[in-house]
Amino acid sequence: MQTDITTSVVEPPSGAVKPGKSPERFSRATRRNLMYGLIFVSPWLIGLAVFVIYPVIASAYYSFTEYSVVKPPEWVGLENYRYLFTQDKLFPTALKNTLYYVFIFVPLSTVMSLTLALLLNMKVKGMAFYRTVFYLPSIVPAIAMSMLWLWILNPQYGLANEVLRNLGLPALGWMSSPTWSKPSLIIMSLWAAGGGIVI
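Report follows, based on the coordinates. Bear in mind the structure is a predicted one, so any value in this text is a computation, not a measurement.

1. Focus on the nonpolar core
- Membership of the largest hydrophobic core is limited to eight residues, which are M145, W149, I152, L153, A160, L164, W174 and M188.
- Of all elements in the fold, only α5 (142–152) and α6 (159–166) reach the threshold of two or more residues within this core.
- For this core, the leading source of residues is α5, giving three residues.
- What W174 contacts, discounting residues up to four positions off in sequence, is L153, A160, N161, L164, W180, S181, S184 and I187.

Shown next, in the form of structure tokens:
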């Protein structure tokens, strides 16, 4: 008696990787697009690395050293932080000013940007012009913006004090006044709210 044994070969499903071959992660078109994308964003990535990432890392390192530029840094560990928190008399003032700016500017900036964005999304004639006008201050160079605001907030002949005088109100010290210097900086920062409006 003879038994007929039939051997069946199971074919791998279509798309399965054959033994000995590594799967191709990206198609040729995807790799090409990725390469072009990296080429186009490379100036920004280089700027990010040189002007943001490196300074942050260098600042963190130098904070643990005694460094005077003219001689190599000398490692001192946590000594700078000990001095900052226990002996530096200006640190509490600097911290208070920073918190003042953050807790007033951030909410004001968020509310102002959201409000302007909603208004600039309305169907009104000439909206493209209004959108341009509100966005332009955010692309003005920082030096030009500083010079403009120093003129507007000048205590003697500035535009802001001229408006206050015409309204019968007293002129303010603005940038020269300890009371008004921080609100002046917040007003200057709010002026360039175009980026927040777009977001």
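2. Looking at the pattern of salt bridges
- Counted by the stated rule, this structure contains two salt bridges.
- E162 is the salt-bridge partner of R165, the closest N and O atoms lying 3.5 Å from each other. Residue R165 and its partner E162 are both found in helix α6; the two are separated by three residues, about one turn of the helix.
- Here E162 falls in the partly exposed class, since its relative accessible area comes to 38%.

3. Observations concerning the packing of α5 against helix α7 (residues 181–191)
- Contact pair α5 / α7: the axes reach a minimum separation of 11 Å and the direction vectors enclose 130 degrees. Classed by the angle they form, the pair α5 and α7 counts as oblique. The chirality of how α5 crosses α7 is right-handed. Where α5 abuts α7, its residues M145, S146, L148 and W149 lie against I187, M188 and W191.
- Across the contact of α5 with α7, the residue classes break down as six nonpolar, one polar and no charged.

4. Focus: the packing of aromatic side chains
- One pass over the full model with this rule turns up ten aromatic pairs.
- Taking 5.3 Å as the distance between ring centres and 85 degrees as the angle between the ring planes, the aromatic pair formed by F85 and F91 counts as edge-to-face.
- Classification of F91 as partly exposed rests on a relative accessible area of 21%.
- Ring geometry for W174 versus W180: centroids 5.7 Å apart, planes at 65 degrees, classification edge-to-face.
- On the accessibility criterion, W180 (32% relative accessible area) is partly exposed.
- Members of the aromatic cluster, joined through ring pairs, are Y61, Y62, F64, Y67, W75 and Y81.
- Seen from the ring of Y100, K182 lies directly overhead, with NZ or CZ sitting 5.2 Å from the centre.

Here is what the cut-offs are and how they apply
- Residues numbered from 1 in each chain as written.
- Predicted model: local features only at pLDDT ≥ 70, side-chain atom pairs only at ≥ 80, totals over all residues.
- Heavy atoms only, no water.
- Core = buried A, V, L, I, M, F, W, Y, C linked by side-chain atoms within 4.5 Å.
- Buried < 20%, exposed > 50% of the residue type's maximum accessible area, 1.4 Å probe, protein only.
- Helix = DSSP H or I, 4+ residues; strand = E, 2+ residues; numbered from the N terminus.
- Contact = heavy atoms within 4.5 Å.
- Salt bridge = Lys/Arg side-chain N within 4 Å of Asp/Glu carboxyl O.
- Axes fitted to C-alpha atoms, helices over the stretch in contact; angles between N-to-C directions.
- Parallel < 35°, antiparallel > 145°, perpendicular 65-115°, else oblique.
- Left-handed = near helix turned anticlockwise from the far one by under 90°.
- Nonpolar A, V, L, I, M, F, W, Y, C, P; charged D, E, K, R; others polar.
- Phe/Tyr/Trp six-rings, centres within 6.5 Å; stacked < 30°, edge-to-face > 60°.
- Lys NZ or Arg CZ within 6 Å of the ring centre and 35° of its normal.

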